[in-house]
Every structure is written in C-alpha cells, then in structure tokens.
Number of protein chains: 2
Amino acid sequence: MAKQTSYTMRDVARLAGVSISTVSAVVNNKGIVGPELTAVVQKAIAAMHFSPHAGARGLRTGRTHMLGLVVQDITNPFFVEALRGVEDQAIEHGYEVLVCNSNDQSDLELRHLDALHTKRVDGILLAPTDSYAVRETLGRDRAPIVFIDCIPMKAKVNCVVTDNFDACYNGVRYLIELGHQRIAVICGRLTHSTSIDRVEGCRKAVQESNLVIREEHLRQGDSHIESGYRIGHSLLQSSDPPTAIFTLNNRMALGILRALTELKIPCPSRVSVMSFDDADWAEVVSPSLTTIAQPTYEMGTAAVDLLLRSIGPGPEQSELKPQQILLKSTLRIRGSTGPVSKS
Amino acid sequence: MAKQTSYTMRDVARLAGVSISTVSAVVNNKGIVGPELTAVVQKAIAAMHFSPHAGARGLRTGRTHMLGLVVQDITNPFFVEALRGVEDQAIEHGYEVLVCNSNDQSDLELRHLDALHTKRVDGILLAPTDSYAVRETLGRDRAPIVFIDCIPMKAKVNCVVTDNFDACYNGVRYLIELGHQRIAVICGRLTHSTSIDRVEGCRKAVQESNLVIREEHLRQGDSHIESGYRIGHSLLQSSDPPTAIFTLNNRMALGILRALTELKIPCPSRVSVMSFDDADWAEVVSPSLTTIAQPTYEMGTAAVDLLLRSIGPGPEQSELKPQQILLKSTLRIRGSTGPVSKS
DNA sequence: AACAGCTTTCGAAACGTTATGATGTCAACC
DNA sequence: GGTTGACATCATAACGTTTCGAAAGCTGTT
C-alpha cells in the first residue's frame, strides 16, 4: 500500500537507533559522525528511500537552492538556449530552476516575480519584458537579480548581455563593404536597451561612411515571423527599396525570406538579408542565412555564475558592486548576403 | 538599509495589533474575519510588502504548489511548445513549474526526479528519456506522474500522447497515394513507445498496399539535424534510393533538406520529404515542408489537467484509475511532397 | 439569571529540518 | 587520580506557517 507521506528523519533515526541530529549530520556529510554509526544510518536511509524535505530545510536555513528564470518569450529559441546554459550551470551547483514565461506581458512578469519571491528563490535571472515596471520592485528586500539580454534603463544592476552595439556596428560595416548604401533595419521594441544599442551600432557604422538609415527604412517588429513577413513586404514593394535588410531577430528574418520568395525577388543578388541570432536552420534555409551569433548558452552560464556569486555562501546579502558582463558575438557569413547589384 | 530577511506574519500581526492566526485567516481569505479587522490587516500586509513563505506553508500543508516537468531535450521545439502549454495551464491553477532538462541522459533524468521529490513537488510531468529506468522509482510513495509524448512500456500509468500509429498510417497512405513505393523511414530510438508506434503505423499502411519498408530504408536517428543529414546522404546515394523520405522528427528533416541541396537532388520532383512535427520554419524553408502536426500545446495543457485531477484537492492520494489520453494530429501538406517521378 | 448557540478572535501545537550548547566517554597528561 | 581536551552523540529551540480547539463577546430563549 502506498504511504501517504514520505519518511522523515525521525523515522530514520528510530530505525537506526540514533538521534535525529545524528541523522541530520550524516545526511549533510558533516563528517563528525563515527564511521560505523554513519554506515548504520546510511543503511537506514537507503532502506526507507529517505529524502530530506527541502521545504523544511529551507525554512530552517533560509536557502531554497532554487533559482528563478523569467523570460519574455520561451517560444524564442534564443531564450531556450540561454535556459539550457542556466539550467546546466545551476544543477552543476546544486540548484534547481523555476522557469517562468512572461509571454511579453508586463503584468504576468510581475506576477511571476511575486510568485518567485513567495517561493523564496535564492536568486532571479530576468530577461525583462518591461524594465520600467520591474525596477519598482527591485529595491525591496528580495532575492538578488541578474538581468540577461537587456540592461534595465540606467539602473546599476548585475547583468549579462551581448555587446549589441559592437555586433551591429561590425555587421553593418560588413554590409557597407559589400557596397550596400540603402540598408533597412528591422528592430524590436525600442523600450529595450537591447534594441536601442543595436540600432545605435548600425547608425554609427552608417554615419562613418557618410550614409544614413532612412526614416522609412527603420522599422519596428515584434520578433515573430509574421511581423517580419509584413514589414518585408512593405519594405520590398516601396518605391525605393533597400538593397540590404538587417533583421535584429532571426524569426523576423524567416518572414523576410518568405516575402522574398513570394515576390520572386532573388536573394542575395537583388537584396541581401542579415539577421541577429543564429539558429540551427540558418544553414539549411535557402539561401542560407548570414547571422550574428550570440554566445547564448554562455550568457546563461555566465549569468548563473554572477548570480551565485552575489548570493554568496551564507545568508548575508553580500554587497558586491554590480557587474555588467559584455559578451562578444560573431558574424557568420552565409549565402543570404552578397555584393550589391549594379542597377 | 536592505533588510536581511522578509517580514513574517508575526510582524504583520504586531503592526496590525492582532494575532497571527487572524493574519493567516486574512491571507487565506477564509472569510471568517470581520470586515474592519480584515481591512486593518490588509493595510499592514500592503505596508510591509508581506508575502507568505511558501516553504513554511508547504511544510504545514503538505502542498508546495509546484509541478515538475522533466523533458528529454529542451532544445527540441516540440518540448518547448509543450512546456508553454504546461506553464500556462499551471499558473492558471496557481502552480509553478520546475523545469528539468535531462538532455537525453537517463542518469540525469533520475537525478532530476530525485531532486523533484526532495522539493516535494505536488506532481510530475515526464517525457522520459529512458522509461525503463524511470519505472523503478515509480512505485515509491512519490508525487503522481503524468507521462507525456511517450508511454512507458506496458505500465499502467497516466499519460497524454499523440495517436502516433494513426498519424503515421495516414501520412504514409498519403505518400502511397502519390505513387511512392520505395519509402524510407527515419525513426528515433526504438526503446520509445513513440517511435515504435510510429513505425508500426507506417508498416500497416505499407502492408495494406502490399508493399514493404526495406530493411535498408528503415534508419534510426537521434533527432538532431546532423543525424538527418548523415542518414540523408547515405540514403540518397545508395544504389536504389527511396522516392520518399519520412522523418519522424522535424530537425532531422532539416538535415535531409541540406543533403538534398548539396547533392542537387530536386525535391519533390525526385524525392519527396515528409516529417513529423510542425515548426514555424516549415512554411518558409524551401521547399516548404509537409508535416504531421501534433497538438503540442494542448498536450501540455491536457497533461496538467490530468495531473491536477490525480493530485486531488487534499493530501489524500486519490486512486483514480490511470488514464491514457490520445490526441489527434493533422497532416499539413506543403511543397516537399509530390507525385512520384516517372523514371 | 442561567444557558444555549452563534460569530469572531486567539493560543498553541504541529510540520521536518538545522544549529547550538550540553552531556558523556575516553585517552593523555601532569 | 584528578584535570584537560578532543571527540562523538544527543536534546532542544528555532524557522514561518496552518489548524484545531478554547475563549470571549454577543443575541435570544427558557
């Protein structure tokens, strides 16, 4: 018959004929229990399939060994890859990860943050949907936070991000070297530092060559295929279409590609396409997609490292100064970009 | 100065000038506290940003309001989509989800399962890597489990799966109707009920038309692009290549597509390609990919519903009989499949 | 006046751990 | 032979909730 409830240390202690404290000491490898007693206790533990109650332990120690990860959109492979990094690094250090998808809704994000606080996670990794909303809760005596992918405006906080400015600067320079002068940029929401920095990077490269990004060539999308498709159509059918399109997110690039096929515009001979974020299909899609690849997995692991450092070993809220870790991206040149067509 | 630790009900009680039990009653909306006192307490709660300590609560009530989700491979968009369903449905019912990626390693899977038990999650959703290994721990007095995507061999358990047999039967029938006679099938690991059922479905359709799947046309892959690519190469360069390739996983289809482009074999005019699992890129890739789409998100929500039902309202392990929920898939015909070439 | 039956509030005992200080044992030292 | 210290074990008090039964304050009935 199935037991209603698991065994406790009390049960183990009784079976082993020792005190509860001794069991506890064995479970936690304190190394202060004699070898023969240790063996007896371990046998009892094994026999009962005892496993300590993390809740009770957390109540006592103030540590839950759980980390919270809140992402804007788990549908985006970028965040999945980051999640992998986070999880691997977390379990490496004996932590579990509570994953929350805020689905691009700022209210849901706040609800998740509250829930994580209630669960008393030891730390939070946050790719914010709405950095303004989040900042308000920041001051409270909550778990330390590390931001990923995005720096909440002006705030001095721990974060791990790509060098977005640099990456875009280099990407656009590459396009310019191919001879492109009319470059369109499709960005994400401009409330995000991520988008802002990327656009700035593009601007810098363009300005250095005495070019500009025309007003009508800077578009804002929502990071889904559809929006790329829509914007692609509009861009390509305009009176003076760009010769290169730079998408700041790879799913939008898929939309562009679809628009191109539909309109029978050859790529890259007529229009080049380049995209932020690599993907496993980038190589396979036709034409294969030139991308700027972020070290996404490493972003996850680095964020956990930083977080764990700021959690510290004991319950003391060690006040280290906030760190911003900048990761380098790499340009992966493939088939979708080429020299500008002589028209 | 930041507090070391959050406020407790004791603090709230003191501030509101009431007893702890009263605070508890208010927090839990027991509806037994007078209106004016309720207001006072709520004010105190708000003022202190009090949030109850879930660990302590769980210790007392035996419920943690956490669900564990263990998947083989979070890299696979299929599981991400299921995860979305799980999460949405979970928070809908006031649960959080602890996500674990077992990375196709059975030992890691068991470690996750142990960790979840230690955390005393109220229930577990499991897409098993190794259903044999898992079954051993099953009997113990642990949280109820619902399997997703895969039925652990012969065991009578709760699960939510696609009607894999049926889906493949229909898919292959469609290929046969197009005139294909030499159909290759690339399956996943045959220790999985999923793979087995799918292959059986293919076999049935083929046999009904007095055809066979040749030995050398039934290959086993590992669900990653590379393996599709490798197998594709080998299949296409064999002396008597198939006219249609059916991949039981969509990333392998990407590999096939790459092999086709590389070998300059036109699709679908020379070889048709069909794949299990839909993807957002399926429409965009060229040729667009014919797929069998599983209702993945619904698989997640249905699994949570089933799990929550078997958790029941109280701590009593309600012994409902195990249910197997079968979901229907749909065939999405696109550009990668066509009539067999007259050779 | 005494009591019964409500309703509202409270006190105290769990829940399963860990940590601290106390107790007991034994060997070694003067 | 006592004192010291080192070591191994234990009893007990937290940790922050929920829950149960008791207490207190009413209203209405006998």
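Since the model is a prediction, treat every value here as computed from it, not as a measurement.

## Points about the domain arrangement of chain A
When its domains are assigned, chain A resolves into domain 1 (9-52), domain 2 (65-162 + 296-328) and domain 3 (164-294). Measuring from the centre of the C-alpha atoms in domain 1 of chain A to the corresponding centre in domain 3 of chain A gives 62 Å.

## Topic: the protein's contact with DNA strand C
Every one of the 25 residues lining DNA strand C counts as a neighbour, but Ser24, Arg57 and Arg60 of chain A together with Thr22 and Gly34 of chain B are closest to it. Counting only atoms of DNA strand C within 4 Å of the protein, the sugar-phosphate share comes to 68%. At 2.6 Å from a phosphate oxygen of DNA strand C is found a main-chain nitrogen or oxygen belonging to Gly34 of chain B. Every element with two or more residues in the surface near DNA strand C is listed here: helix 2 (20-27) and helix 4 (54-61) of chain A together with helix 2 (20-27) and helix 4 (54-61) of chain B. At five residues, the largest contribution of residues to the surface near DNA strand C is made by helix 4 of chain A. Its residues assigned to classes, the surface near DNA strand C shows 11 nonpolar, 10 polar and four charged.

## Digging into the sheet that holds strand 9 (residues 272-276) of chain A
Hydrogen bonding along the main chain pairs the strands of a sheet, whether they run parallel or antiparallel. Residues and elements named next belong to chain A. One open sheet accounts for six strands, arranged 7-6-8-9-10-12; its pairing is mixed. Here the strands that pair on one side only, and so sit at the sheet edges, are strand 7 (218-220) and strand 12 (330-332). Between one strand and the next, the sheet's axes are offset by a mean angle of 20°, whatever the strand orientation. Pairing between strand 9 and strand 10 (residues 290-293): three bridges, direction parallel. Residue pairing across strands places Met274 opposite Thr290, the latter belonging to strand 10. Here helix 10 (residues 225-236) sits on the sheet in contact with strand 6 (183-187), strand 7 and strand 8 (244-247), set at roughly 155° to strand 7.

## Quick look at the interface of chain B and chain A
The partner chain A presents 53 residues to the 52 residues of chain B that form the contact. Across the chain B to chain A interface the summed buried area is about 5000 Å²; carbon plus sulfur atoms make up 58%. The interface formed by chain B and chain A includes two salt bridges. The salt bridge partner of Glu96 of chain B is Lys119 of chain A, with a shortest N-O separation of 3.0 Å. Applying the counting criterion to the chain B and chain A interface returns 14 residue pairs in polar contact (both at pLDDT 80 or more). Elements with a minimum of two residues in the side of chain B that touches chain A: helix 4, helix 5 (77-92), strand 2 (96-101), helix 6 (106-118) and helix 11 (250-263) of chain B. Taken together, the residues of the side of chain B that touches chain A break down into 22 nonpolar, 16 polar and 14 charged.

## Considerations on unusual backbone geometry
Each neighbour pair has its own omega, and for Cys267 of chain A with Pro268 of chain A the value is 5°, a cis peptide bond. For Pro268 of chain A, the position within the fold is in the loop between helix 11 (250-263) and strand 9. Pro287 of chain B follows Ser286 of chain B through a cis peptide bond whose omega is 0°. Along the polypeptide, Pro287 of chain B turns up in the loop between strand 9 (272-276) and strand 10 (290-293). Unusually for a residue other than glycine, Asp277 of chain B sits at a positive phi of about 75°.

## Side note on the pairing of strand 6 (residues 183-187) of chain B
All names here are of chain B. When you tally the buried positions in strand 6, you get five out of five residues, the bulk of the element. Residues Ile183, Val185 and Cys187 of strand 6 are buried on one face, and the alternating residues Ala184 and Ile186, pointing to the opposite face, are buried as well. Of the pairings in the sheet, the one linking strand 6 to strand 8 (residues 244-247) comprises four bridges and is parallel in character. When the bridges of strand 8 are listed, Ile186 appears paired with Thr247. Looking at chain direction, strand 6 and strand 7 (residues 218-220) are connected through three bridges and run parallel. Opposite Cys187, over in strand 7, you have Gln220 as the bridge partner. Tracing the backbone out of strand 6, into helix 9 (residues 193-208) and back to the parallel element strand 7 gives a crossover that is right-handed.

## Examining the side chain of Gln294 of chain A
Residues and elements named next belong to chain A. Checked against the element boundaries, Gln294 lands in the loop between strand 10 and helix 12 (296-311). Judged by relative accessible area, which is 10%, Gln294 ranks as buried. Engagement of the side chain of Gln294 in a polar contact is seen with the side chain of Asp277, the distance being 2.6 Å. Setting aside chain neighbours within four positions, we find Gln294 in contact with Phe78, Thr162, Arg198, Phe276, Asp277, Met299 and Ser329.

## Topic: empty space enclosed by the protein
Scanning all chains against the criterion turns up three cavities of 30 Å³ or more. Volume-wise, the largest cavity comes out at about 210 Å³. Ala54, Gly55 and Met66 of chain A together with Gly55 and Met66 of chain B are, among the 17 residues lining the largest cavity, the residues nearest its centre. Among the residues forming the lining of the largest cavity, the class breakdown is six nonpolar, eight polar and three charged.

## A word on helix 2 of chain B
Residues and elements named next belong to chain B. Taken residue by residue, helix 2 has Thr22, Val23, Ala25 and Val26 as its buried positions. Down the axis, helix 2 shows its buried residues gathered within 160° of arc, on one side only. Buried positions along helix 2 lie against helix 1 (9-16) and helix 3 (35-48). Just past helix 2, the residue Asn29 takes up positive phi, approximately 50°.

## Remarks on the relation of the copies chain B and chain A
Superposing chain B onto chain A takes a rotation of 180° combined with a translation of 0.0 Å along the rotation axis, leaving an RMSD of 0.1 Å. Considering both components of the superposition, the chain copies are consistent with a two-fold axis. Residue by residue, 100% of the interface of chain B is reproduced at the interface of chain A, so both copies engage with the same surface.

## Some words on the protein's contact with DNA strand D
As a matter of local geometry, DNA strand D sits amid 25 residues, with Thr22 and Gly34 of chain A together with Ser24, Arg57 and Arg60 of chain B nearest to it. Among the atoms of DNA strand D lying within 4 Å of the protein, the sugar-phosphate backbone contributes 66%. Contact distances for DNA strand D include 2.9 Å between a phosphate oxygen and a backbone N or O atom of Met9 of chain B. Contacts to DNA strand D include His53 of chain B, whose backbone N or O atom sits 3.3 Å from a phosphate oxygen. Mapped by element, the contributors of at least two residues to the surface near DNA strand D are helix 2 and helix 4 of chain A together with helix 2 and helix 4 of chain B. With five residues, helix 4 of chain B is the largest single contributor of residues to the surface near DNA strand D.

## Some thoughts on the sheet that holds strand 10 of chain B
All names here are of chain B. Taking strand neighbours across the sheet as the criterion, the six strands line up as 7-6-8-9-10-12 in an open arrangement whose pairing is mixed. The open sheet has two edge strands with one neighbour each: strand 7 and strand 12 (330-332). When strand polarity is set aside, the average angle formed by the axes of neighbouring strands in this sheet is 20°. Taken strand by strand, helix 8 (residues 164-177) contacts strand 6, strand 8, strand 9, strand 10 and strand 12, and its axis lies near 170° from that of strand 9.

Reading guide: rules and limits
Residues numbered from 1 in each chain as written. Chains lettered and ligands numbered in written order. Predicted model: local features only at pLDDT ≥ 70, side-chain atom pairs only at ≥ 80, totals over all residues. Heavy atoms only, no water. Domains from an automatic or database assignment. Near = heavy atom within 4 Å. Polar contact = N/O pair within 3.5 Å; in protein donor to acceptor, adjacent residues only side chain to side chain. Helix = DSSP H or I, 4+ residues; strand = E, 2+ residues; numbered from the N terminus. Nonpolar A, V, L, I, M, F, W, Y, C, P; charged D, E, K, R; others polar. Pairing = 2+ DSSP bridges. Axes fitted to C-alpha atoms, helices over the stretch in contact; angles between N-to-C directions. Contact = heavy atoms within 4.5 Å. Buried area = accessible area lost by both parts, 1.4 Å probe. Salt bridge = Lys/Arg side-chain N within 4 Å of Asp/Glu carboxyl O. Buried < 20%, exposed > 50% of the residue type's maximum accessible area, 1.4 Å probe, protein only. Right-handed = clockwise from strand over helix to strand, strands pointing away. 1 Å grid on protein atoms, 1.4 Å probe; cavity = no way out; pocket = protein on both sides within 12 Å on 5 of 7 lines; lining within 4 Å. Points joined across faces, edges and corners; volume = space filled by probe spheres on them. Arc of directions from axis to C-beta. Least-squares fit on C-alpha atoms with pLDDT ≥ 70 in both.

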